[in-house]
Amino acid sequence: MALPDTAPLLVGLLLLFHAFGAWAIVEVNMEDKVEVMAGETAQITCMFTTDEGLGGTTIQWFYVLPNKERQRIYNKEPMHEAAEQNTLFTHRISLNVNGTAAVLAIRDVGVRDNLEFICVIKTLTPEEAEGRTQLQVFKSPTFPTIEAVETGISVNEEAPSKIGSCRVKNGYPKPHITWYRNNMPLRNTPREVVVTSSTTIESSGLFSVQSELTMKVKKEDKDAVFYCEVIYFVPGATKMTESQHINITVYYLPTEVTIWVESPKGKIKEGDTLELRCDNNGNYPSSITTIKHQNSEYSVENKTMVRTNVKRLDGGVYECTFEETDNFEVISRSTKVSVNYLESAVIMPKDSIAVMEGEELKASCNALSSLQTSTTWFKNEKLVSKGNTLSVKSATLETAGMYKCVVTVPEMEGMKTSSTLQVNVKGSPQILGPDVQEVETYETTVNLTCSATGFPAPTIMWTTSDGKNLNALQTETEDGAQSVVTFKITPNVKVFCNASNDFGSKVVEFNIKTILNTTLTTITSMPTISTTTRSTTTISSDTVVHTTPTTTTTTSTNTITYDTVQTPTKSPNIKKESKGFVIAIIIIAIFLLAILGSVLYFLYKKGRICGRSGKQDFSKRKSSKDNIVVEMKSDNTEEAILLGVNGEKQQPNDQ
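Now for a description of the structure that goes with this document. (Residues numbered from 1 in each chain as written. Predicted model: local features only at pLDDT ≥ 70, side-chain atom pairs only at ≥ 80, totals over all residues. Heavy atoms only, no water.)

**Structural notes on the sheet that holds strand β10 (residues 128-138)**
Across a sheet, paired strands are connected by hydrogen bonds in the backbone, their directions being either parallel or antiparallel. Taking strand neighbours across the sheet as the criterion, the 6 strands line up as β2-β10-β9-β4-β5-β6 in an open arrangement whose pairing is mixed. Two strands close off the open sheet at either side, each with one partner strand: β2 (33-37) and β6 (81-83). Each adjacent strand pair in this sheet contributes to an overall mean axis angle of 25 degrees, direction not counted. Strand direction decides the pairing type here: β2 and β10, joined by 5 bridges, are parallel. (Pairing = 2+ DSSP bridges. Helix = DSSP H or I, 4+ residues; strand = E, 2+ residues; numbered from the N terminus. Axes fitted to C-alpha atoms, helices over the stretch in contact; angles between N-to-C directions.)

Below, the structure is given as structure tokens:
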């Protein structure tokens, strides 16, 4: 075999080189460190050179134990190579030799692999060389968690108080924690800032770090932002991460107390609801806030005081007091509250006043108020005067009535008071309406009303022209009296209303007219003529008759019905001495018209009119009703219009 033949040759060459003193030269170059993240594969390269060539080269890998001893983990000889058994790397390493580079690969590295590795190169001669590389394994820590203290911190604490704690877990190498306040790093300062840290090595070899910040707080720290920053290492770099930001509650004593009126805004008036608020620029929990009314000693232990339906006595000085119970410090502030008022209006003279007709009326109205007032006078809801004095130089009966004085405060809406004054004007009564009043009715009785003004209230009496007294009810009104009487109509009898008091009397005459409806129906045998006559007759208590007739004529071949309807019209006033004569003329005119109508009808029947004979046959066209044409005029003239059989108008000379 070839191997037994070459072995003696190699041994011989070695002895030959040794005999002549020629030794091989071996050099090894390695990196000082190799950085890798935990869980990845680390590759450590060993670069070597030798003048003997690669055939007889032996490569060995070691790592340094904590006691500085070497532990071989891999051995490669010219004819054999293998990983050492029962080591940390037995199943995780492999060696790859490419020329003069021997690369040791370590899979799934962990923090425990953070060791120094040695590469040893040996040749056939006793010469050897080695190189060393430090393997550095990195593990990023978890995101930092921060917790703030739940209770508030007082600025009066003498020693630094705990602000919060920050914790980061499972990092390698050991991470570092730095505290920040408003983006400014905090360093240990005696009696001001204290940062304490503790480190825990987990079973995995990773580091967990916790840091606690304590400091002496100030009032400004109530708005401060705190957080922690974690610095950790990765291959070839340094990284940083920030925690969440936290705030703390800082308790501090107030330096100022404020008290103000929350509502109503603006001026306050009686009847309002008053709300006072008190506050301070501190926030100490162990404190008492009191609002007190100095005038009445009324107080509440609260920052708000509410008083309903305030009166003027509720005005005055209100004081807010802040007391810190731990240190017994007291601070206070006060404010003055003004409650505006408007008393009831007072009219002088009070309630009512009576003046003689023609005299001057004077009255005054005043209301006590804390503000400027405005006064107005009203009568029947109409403005009659401005100012607190009501003055009428010459009083009349129309001056009498109920007056209302209204007092307001212009600068405050809703402040208003009022009072009333009854003004009576002494004088003779006055009756509403004309001295002679006309009354028309279809009935046999009538209700008459008489309203009189005056002071004292007049007494109303009813009498008739025939000397009778009528019984009636009388009621007092605001400015006088009113009476209503029921009168049974009697022809030629008038009714008088007499109102009287201490200063005189007044009489009004009532003329009562009865309106009568009459209907006349006259039948004639004229077949084609129909005439409607309407007249109006009015009969008063003075027996005055006035008739206004109208005539309407129509022609028809049918049977015609004639109706006479009397429509009432108002008659003019006629002097008493001429009434009898007029009545007689009207009666005579009516009587003559009736006779004339009868004669004409008789002549028509006998055929003496229009050439007709008395034996004319009416069988061809017969009317059930025939009409007489009558027209009555106010000038006592008359006109008769006759129509022929064919409806033609006949001239008078034809009759």
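Now that the structure has been shown, the text picks up again.
**Side note on the packing of aromatic side chains**
Scanning the entire structure with this criterion turns up 7 aromatic pairs. Here F89 and F117 contribute two aromatic rings whose centre-to-centre distance is 5.4 Å and whose plane-to-plane angle is 70 degrees, an arrangement assigned as edge-to-face. On the criterion of sequence distance, the pair formed by F89 in the loop between β6 and β7 (93-98) and F117 in strand β9 (residues 116-122) is long-range, its members being 28 residues apart. In this structure, F89 and F117 share a single accessibility class: buried. Ring pairs connect the aromatic residues Y63, F89 and F117, which therefore count as one cluster. Positioned above the aromatic ring of Y298 is the side chain of R307, whose terminal nitrogen or guanidinium carbon lies 4.4 Å from the ring centre. Looking at R312, its charged tip hangs above the ring of Y341, at a distance of 3.8 Å from the centre. (Phe/Tyr/Trp six-rings, centres within 6.5 Å; stacked < 30°, edge-to-face > 60°. Buried < 20%, exposed > 50% of the residue type's maximum accessible area, 1.4 Å probe, protein only. Lys NZ or Arg CZ within 6 Å of the ring centre and 35° of its normal.)

**Some remarks on the pairing of strand β44 (residues 495-501)**
The alternating pattern of β44 places V495, C497, A499 and N501 on a buried face, while none of F496, N498 and S500, on the opposite face, is buried. The pairing of strand β40 (residues 459-464) with β44 spans 6 bridges and is classified as antiparallel. Following the sheet pairing, T464 is matched in β44 by V495. Bridging between β44 and strand β45 (residues 504-515) involves 7 bridges; their strand directions are antiparallel. Each residue of the ladder has a partner; that of N498, found in β45, is V507. If you look at the hairpin formed by β44 and β45, you'll find 2 residues sitting between the two strands.

**Brief notes about a nonpolar patch on the surface**
A cluster of nonpolar side chains, I588, F591, L592, I595 and V599, forms an exposed patch at the surface whose accessible area comes to about 470 Å². Relative to the helices and strands, F591 resides in helix α2 (residues 579-606). (Patch = residues over 30% accessible without salt bridge, like charges linked within 9 Å, V, L, I, M, F, W, Y side chains within 5 Å. Areas by Shrake-Rupley, 256 points an atom, 1.4 Å probe, with all protein chains shown as cover. Salt bridge = Lys/Arg side-chain N within 4 Å of Asp/Glu carboxyl O.)

**A word on the sheet that holds strand β1 (residues 26-30)**
In space, the 4 strands of this open sheet follow the order β1-β3-β8-β7, with antiparallel pairing throughout. Every other strand in the sheet has two partners, leaving β1 and β7 as the edge strands with one partner each. The sheet shows a mean angle of 20 degrees between the axes of neighbouring strands, direction not considered. By the bridge criterion, 5 bridges tie β1 to strand β3 (residues 42-50) in an arrangement that is antiparallel. Bridge pairing in β3 places V28 opposite F48.

**Regarding the pattern of salt bridges**
According to the stated counting rule, one finds 19 salt bridges in the structure shown. Notably, a salt bridge pairs D272 with K269, separated by 3.1 Å at the nearest N-O pair. Considered together, D272 and K269 belong to a single accessibility category, that of buried residues. One salt bridge in this structure joins R312 and E270, with 3.2 Å as the shortest N-O distance. With R312 in the loop between β26 (304-307) and β27 (316-324) and E270 in the loop between β22 (268-269) and β23 (274-280), this residue pair connects regions lying 42 residues apart in the sequence. A single salt-bridge network, built from bridges that share partners, covers R70, E116, E130 and R132.

**What to know about the side chain of N424**
By the element assignment, N424 lies in strand β37 (residues 416-431). On the basis of relative accessibility, which here comes to 14%, the residue N424 falls in the buried class. When sequence neighbours within four positions are dropped, the list of residues in contact with N424 reads I353, A354, V355, A400 and F455. (Contact = heavy atoms within 4.5 Å.)

**Focus on the pairing of strand β43 (residues 480-488)**
As defined by bridge partners, strand β39 (residues 445-455) adjoins β43 across 9 bridges and the pair is classed as antiparallel. Within β43, the residue paired with V446 across the bridge is F487. By the bridge criterion, 5 bridges tie strand β42 (residues 473-477) to β43 in an arrangement that is antiparallel. Note that in β43 the partner of T475 across the bridge is Q482. If you look at the hairpin formed by β42 and β43, you'll find 2 residues sitting between the two strands.

**So, unusual backbone geometry**
With an omega of 0 degrees, the peptide bond between S263 and P264 qualifies as cis. Relative to the helices and strands, P264 resides in the loop between β21 (257-263) and β22. In this structure, P456 follows F455 across a cis peptide bond, with omega equal to -5 degrees. As for its placement among the helices and strands, P456 is situated in the loop between β39 and β40. A positive phi angle is found at R191, which is not glycine, with a value near 65 degrees. Structurally, the position occupied by R191 is in the loop between β15 (184-185) and β16 (193-201). Given a relative accessible area of 70%, R191 falls into the exposed group.

**Thoughts on the state of the cysteines**
Taken as a whole and assessed by the stated rule, the structure comprises 5 disulfides. The residue that forms a disulfide with C278 is C320, at a sulfur-sulfur distance of 1.4 Å. Between C278 and C320, the disulfide has an S-S torsion of -60 degrees and is therefore left-handed. Of this pair, C278 sits in strand β23 while C320 sits in strand β27; the two residues are 42 residues apart in sequence, bridging distant segments of the chain. The pair C278 / C320 is uniform in exposure class, with both members buried. For C365, the disulfide goes to C405, at an S-S distance of 1.8 Å. Because the torsion about its S-S bond is -80 degrees, the bridge between C365 and C405 counts as left-handed. A residue pair is termed long-range when its members are at least 10 positions apart, and C365 in strand β32 (residues 361-366) and C405 in strand β36 (residues 401-408) qualify at 40 residues. The exposure class of C365 is buried, given its relative accessible area of 0%. (Disulfide = S-S within 2.5 Å.)

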